Amino acid sequence: MKTIQFREALREAMNEEMRRDEKVFLMGEEVAEYNGAYKVSQGMLDEFGAKRVIDTPIAELGFTGIAVGASMNGLRPIVEFMTWNFAILAADQIINSAAKMLQMSGGQYHCPIVFRGGNGSAGQLGATHSQSFEAFYSHVPGLKVITPSNPADAKGLLKSAIRDNDPVVFLESEKMYGDKGEVPEGEYLIPIGVADVKRKGRDVTIVSFGKIMKVAFEAADVLEKEGISCEVIDLRTIRPIDYATVVESIKKTNRCVVLEESWPLASISSEIAYHLQRYAFDYLDAPVMRVTQTDTPIAFSPTLIAEALPNTERLIAAIRTTLYR
């Protein structure tokens, strides 16, 4: 094992896959000469050259369309969006082209693309630069959606995403690029669609994903001191969701709180809550609780941001509710 930053784990994954397969290439705004807006692609231009690490114009719709065409012709693009908020401009290519190409071509054309970049809130960036898109893209058949919470998962899942023959939406976080964590040495892949029980517990299950997992761990630490044992599940993959791991946990704890950074309506937490009442109803001793962002756009004010986002106090209160305390 070695300790590296989240951005370094992503870079290692891309470097290893580009050395392994000459069909893999990286494209996006400032990924080459500037080494990436968040320095994820630092040094990659020097190793792979301008034909495989490509700076694009500020034209998300255009360069995403190029990536779709390239993937249909046998290449494996990695498209970096400076933020997923900008990728809204490329939604036509992601949703109407990449996601549907296999079906619309009668199985003739796969689209092996990874769309990746920063997702969610990241400081005082205002409403149009602070959105979480997990539920947005998971709604679309034909896409796979991944959101890692730590460097090891980031590397293992990104390598699997690059090798996958379907288009993969890979959601990172600008606030996590500097996070450090242990990553296994050598070849290391994590299968897409497998959740991870990050912490064993007996009293309540916390289900979450992405950077908000930090809040789940903080709440579990606080409650452990009170004798409340929390099982913490990291979904890691949002489409497909590993429902089985969640259901098995509920059979043990009989209670569940779903923690999510995004809005409450039509959310991943809504989907988990439905699935549990449908397939684990007899094991639930309390209603499934959700802790999400408030149903408002994120403000610029740090005070209002703190009020809107899920936090440890709100999560602990929800857990106490499920325990009738």
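Okay, so let's go over this structure. Being a predicted model, the structure only gives us computed values, none of them experimental. (Residues numbered from 1 in each chain as written. Predicted model: local features only at pLDDT ≥ 70, side-chain atom pairs only at ≥ 80, totals over all residues. Heavy atoms only, no water.)

**Quick notes on the packing of helix α1 (residues 6–20) against helix α7 (residues 151–163)**
In a packed pair of helices, the relevant descriptors are the angle between the two axes and the axis-to-axis distance.
Item 1. For the pair α1 and α7, interaxial distance at closest approach is 8 Å and the crossing angle is 30°. Between α1 and α7, the angle is such that the two are roughly parallel. Classified by chirality, the crossing of α7 by α1 is right-handed. Seen from α1, the contacting residues are F6, A9, L10, E12, A13, M14, E16, E17 and R20; seen from α7, they are P151, A154, K155, L158, K159, I162 and R163.
Item 2. When grouped by side-chain class, the residues that make up the contact of α1 with α7 number 9 nonpolar, no polar and 7 charged. (Axes fitted to C-alpha atoms, helices over the stretch in contact; angles between N-to-C directions. Helix = DSSP H or I, 4+ residues; strand = E, 2+ residues; numbered from the N terminus. Parallel < 35°, antiparallel > 145°, perpendicular 65-115°, else oblique. Left-handed = near helix turned anticlockwise from the far one by under 90°. Contact = heavy atoms within 4.5 Å. Nonpolar A, V, L, I, M, F, W, Y, C, P; charged D, E, K, R; others polar.)

**A few points about the sheet that holds strand β9 (residues 196–199)**
Item 1. With mixed pairing, the 5 strands of this open sheet are ordered in space as β9-β11-β10-β13-β14. The open sheet terminates on both sides in strands that have one partner only, identified here as β9 and β14 (289–291). Neighbour to neighbour, the strand axes of the sheet diverge by 25° on average, direction disregarded. (Pairing = 2+ DSSP bridges.)

**Observations regarding the nonpolar core**
Item 1. The biggest cluster of nonpolar side chains holds 47 residues, and the ones touching the most others in it are F81, W84, Y137, L235 and L276.
Item 2. Once residues lying within four places of it in the same chain are set aside, the contact partners of L235 are V194, A195, V207, S208, F209, I241, V246, I268 and I272.
Item 3. Among the nonpolar cores identified, the runner-up in size contains 33 residues, and F6, L26, L45 and A152 belong to it. (Core = buried A, V, L, I, M, F, W, Y, C linked by side-chain atoms within 4.5 Å. Buried < 20%, exposed > 50% of the residue type's maximum accessible area, 1.4 Å probe, protein only.)

**Let's talk about the sheet that holds strand β2 (residues 24–28)**
Item 1. Across the sheet, which stays open at both edges, the 7 strands sit in the order β3-β2-β4-β5-β7-β6-β12 with mixed pairing between neighbours. Only two strands of the sheet have a single partner each, and these edge strands are β3 (53–55) and β12 (237–239). For this sheet, the mean angle separating the axes of adjacent strands, direction not counted, is 20°.
Item 2. The pairing of strand β5 (residues 114–118) with strand β7 (residues 168–172) spans 5 bridges and is classified as parallel.

**As for the pattern of salt bridges**
Item 1. According to the stated counting rule, one finds 26 salt bridges in the structure shown.
Item 2. As a salt-bridge pair, R116 and E172 come within 2.6 Å of each other at their nearest N and O atoms. Of this pair, R116 sits in strand β5 while E172 sits in strand β7, placing them 56 residues apart in sequence.
Item 3. We classify R116 as buried; its relative accessible area is 0%. (Salt bridge = Lys/Arg side-chain N within 4 Å of Asp/Glu carboxyl O.)

**Focus on helix α12 (residues 312–322)**
Item 1. Within the sequence span of α12, burial applies to T312, L315, I316, A318, I319 and T322. For α12, the buried positions fall inside an angular range of 160° around the axis, keeping them on one side.
Item 2. Looking at the buried side of α12, the elements it contacts are β10 (204–208), α8 (213–224), β11 (230–234), β13 (256–259) and β14.
Item 3. If you check the start of α12, you find a side-chain oxygen 3.2 Å away from the backbone N of E313, and it comes from N311. (Arc of directions from axis to C-beta. Polar contact = N/O pair within 3.5 Å; in protein donor to acceptor, adjacent residues only side chain to side chain.)

**Concerning the state of the cysteines**
Item 1. Taken as a whole and judged by the stated rule, the model has 0 disulfides.
Item 2. Looking at the unpaired C230, the closest cysteine sulfur is the one in C256, lying at 11 Å. (Disulfide = S-S within 2.5 Å.)

**Here we look at helix α9 (residues 243–253)**
Residues spaced three or four apart along an α-helix point in a common direction, a consequence of the helix completing one turn every 3.6 residues.
Item 1. Among the residues making up α9, those that are buried are V246, V247, S249, I250 and T253. For α9, the arc enclosing every buried residue in end-on projection is 160°, short of the 170-degree limit, so these residues lie on one face.
Item 2. Lining the buried residues of α9 we find β10, β11, β13 and α10 (268–279).
Item 3. One or two steps after α9, the chain reaches N254, where phi turns positive at roughly 70°.

**Remarks on the pairing of β10**
Side-chain direction in a regular strand flips from residue to residue, so the side chains alternate between the two faces of the sheet.
Item 1. Most of β10 sits out of view: 5 of its 5 residues are buried.
Item 2. Side chains of β10 alternate between two faces, with V204, I206 and S208 and T205 and V207 buried alike.
Item 3. Where β10 meets β11, 5 bridges bridge the pair, whose relative direction is parallel. Within β11, the position partnered with S208 by the bridge is D234.
Item 4. With α8 bridging β10 and its parallel neighbour β11, the resulting β-α-β unit is right-handed.
Item 5. Note: β10 against β13, 3 bridges, orientation parallel. Within β13, the position partnered with I206 by the bridge is V257. (Right-handed = clockwise from strand over helix to strand, strands pointing away.)

**Details of the pairing of β13**
Item 1. A two-sided burial pattern is seen for β13, the buried positions comprising C256 and V258 on one face and V257 and L259 on the other.
Item 2. Note that β13 and β14 share 3 bridges and pair parallel. Following the sheet pairing, L259 is matched in β14 by V291.
Item 3. After leaving β13, the chain enters α10 and then returns to the sheet as β14, a path that is right-handed.

**Quick notes on the packing of α9 against α10**
Item 1. One can describe the packing of α9 onto α10 by two numbers: an axis separation of 11 Å at closest approach and a directional angle of 60°. Classified by the angle their axes make, α9 and α10 are oblique. Crossing hand, α9 versus α10: right-handed. Side by side, α9 and α10 meet where Y243, V246, V247 and I250 of the first sit next to E271, I272, H275, L276 and Y279 of the second.
Item 2. Grouping the constituent residues of the contact of α9 with α10 by class yields 7 nonpolar, 1 polar and 1 charged.

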